[in-house]
Structure formats: C-alpha cells, structure tokens
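Remarks on the overall topology
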Amino acid sequence: MKKITFTFFLIFAFFSNNLSAKEIRSMFGFYLNLPKNYEAIQNLNLNKLIKENPDVEINRDLINEIMVGTSKGDMDIEYFFPVKYNFELNNIYITQPEGNVKEYMLIEFKDLCLALKNLFEGLWKKQEIRQHKCAKNPKEIKIKSPVSIYAIHDGPYRNTKLYNYIFEVDKGYTTTVNLLCENQNCNKLKKDLVKITNSITK
C-alpha cells in the first residue's frame, strides 16, 4: 500500500510540475519555461487580460506603448506579465543586445557595479538610486556562462526594485533577465525570476 501511495505521489508531482509551467520559444531563439500565471507579450491579448483581471490597475497608455514598440521591432525586449499583479509595476523582461559578456571580466568588479548603478540613474533620470546588491556568479543561477552577474537596485517608481541576472546564452550576445516588482511582491516574484532564468535552453 505504501509503495502504491508513493508511486501515485510521484506521478501527481510530475504532472503538477508540468502543468505549472509551459515551454515557450523566446523571440531571441532560446527556450524557457514560463509559469502558467504569466503571459508572454507576443501572445498577449491586452483587452482579454484586463477583462479577466478587473482588480488589476494598469496604465493602458504605457502598456500599449510597450506592445507597439515591441511589435514594430523597435525594442529588443521581451515581456512576461504575472496576470494576478499590477503588471505595470510587476513584470519580468529579457534583453539580449550584441556584446561579449567576457568583457565584464576585464573590468574591476566594483567599477562594473558602479557602472550598472550609473546606467540606471541615467535611464531613470535620478541623481541617486540605491544599489542593494551586486554579486558575481550567484549560486542560485545554474546557467553555464563565462561569468554571470546579479544586481538589485531601486526601481524607477516609488517602492519598487529592479533585479537583474546578466549572463551568456549565445556567444557574442549578453542576455539579461530582469524583474521589476513592487517591494511587497518581490520575494514571491523573485522565485519566478530564478525558475525562468534557470529554465533557459538553446
């Protein structure tokens, strides 16, 4: 009886894990497992998403700009929205510009961390933002890469943070998986960020 119960548990766990995520092909050519409570921007019907989640408050103009820019190819950014959250302030997105991640290894790490901080200050037109963390080769990330970087900064909006994992998937390109989150949601969404990042395969 114990053997049957244990076997049933294993089968149930297997199917539960497979039902909790779906494999999709990224616009950058690699594959990743997207949790079932997320919508990828390329498959997103914004009106349907809002209708199914009436409690979520969003800036329609901002989201429409994101969608239009992406569909035009003006931005090499791929967004993933957690549908049960205000996805204007809580979202995961991936960028993959040209550039060899090995170049980061030639820079003093403290200077690299400062450069990241200065980058976000410039993007958000803020004189001073807090860098909560900047670390090399974080243990939770299993991607094979010459080097990987983990950073946390204050986000562009009040009471938000931005998480970044920077690494190499394809030679000659630097992949960054990012999480923007409201402070009260960061612990939960960071788990999703790690799962999505570790699921990336070519």
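To keep things clear, this report deals only with the structure shown in the data block. Keep in mind that this is a model prediction, so the values were computed, not measured.

As for the pairing of strand E9 (residues 175–182)
Burial of E9 is extensive: 8 of the 8 residues sit out of reach of the surface. Burial along E9 is two-sided: the face carrying Thr175, Val177, Leu179 and Cys181 and the face carrying Thr176, Asn178, Leu180 and Glu182 are both buried. Both strand E5 (residues 91–95) and E9 contribute to a ladder of 5 bridges, which runs antiparallel. Counted as the bridge partner of isoleucine 92 is leucine 179 from E9. Bridge count between strand E8 (residues 160–167) and E9: 8 bridges; the pairing is antiparallel.

Some remarks on the state of the cysteines
Counted by the stated rule, this structure contains 2 disulfides. Cysteine 113 shares a disulfide with cysteine 134; S-S distance 2.0 Å. Where cysteine 113 bonds to cysteine 134 through sulfur, the torsion about that S-S bond is close to -85°, and the disulfide is left-handed. Linking cysteine 113 in helix H4 (residues 109–124) with cysteine 134 in strand E6 (residues 131–136), this pair joins segments that are 21 residues apart in sequence. Just as cysteine 113 is buried, cysteine 134 falls in that class too.

A closer look at the nonpolar core
Membership of the largest hydrophobic core comes to 27 residues, with the highest contact counts inside it found for Leu32, Leu34, Phe80, Ile92, Tyr163 and Ile200. Looking at this core, the elements that each hand over two or more residues are strand E2 (31–35), strand E3 (38–40), E5, strand E7 (149–154), E8, E9 and helix H5 (186–198). Element by element, the count of residues in this core is highest for H5, at 5 residues. Residues Phe81, Phe87, Phe120 and Ile129 belong to the second largest nonpolar core, which totals 10 residues.

Observations concerning H5
Given a rise of 1.5 Å per residue, 13 residues ought to cover 18 Å, and the 18 Å separating the end C-alpha atoms of H5 matches this to within 8%. For H5, every residue scored as buried is listed here: Cys186, Leu189, Asp192, Leu193, Val194, Ile196 and Thr197. On the buried face of H5, the contacting elements are E2, E3, strand E4 (77–82), E5, E8 and E9.

Section: the packing of aromatic side chains
Within this structure, the stated rule accounts for 6 aromatic pairs. Between tyrosine 79 and phenylalanine 81 the ring centres are 6.1 Å apart and the planes differ by 45°, which places this aromatic pair in the tilted class. An identical accessibility class is assigned to tyrosine 79 and phenylalanine 81; each is buried. Seen in terms of ring centroids, phenylalanine 120 and tryptophan 124 are 5.1 Å apart; in terms of plane orientation they differ by 15°. Their pairing is stacked. Placement of the pair is phenylalanine 120 and tryptophan 124 together in helix H4, with a separation of 4 residues, close to one helical turn. Within the aromatic cluster, the residues linked to one another by ring pairs are Tyr79, Phe81, Phe87 and Tyr93.

Cut-offs and rules
- Residues numbered from 1 in each chain as written.
- Predicted model: local features only at pLDDT ≥ 70, side-chain atom pairs only at ≥ 80, totals over all residues.
- Heavy atoms only, no water.
- Buried < 20%, exposed > 50% of the residue type's maximum accessible area, 1.4 Å probe, protein only.
- Helix = DSSP H or I, 4+ residues; strand = E, 2+ residues; numbered from the N terminus.
- Pairing = 2+ DSSP bridges.
- Disulfide = S-S within 2.5 Å.
- Core = buried A, V, L, I, M, F, W, Y, C linked by side-chain atoms within 4.5 Å.
- Expected span 1.5 Å × (residues − 1).
- Contact = heavy atoms within 4.5 Å.
- Phe/Tyr/Trp six-rings, centres within 6.5 Å; stacked < 30°, edge-to-face > 60°.

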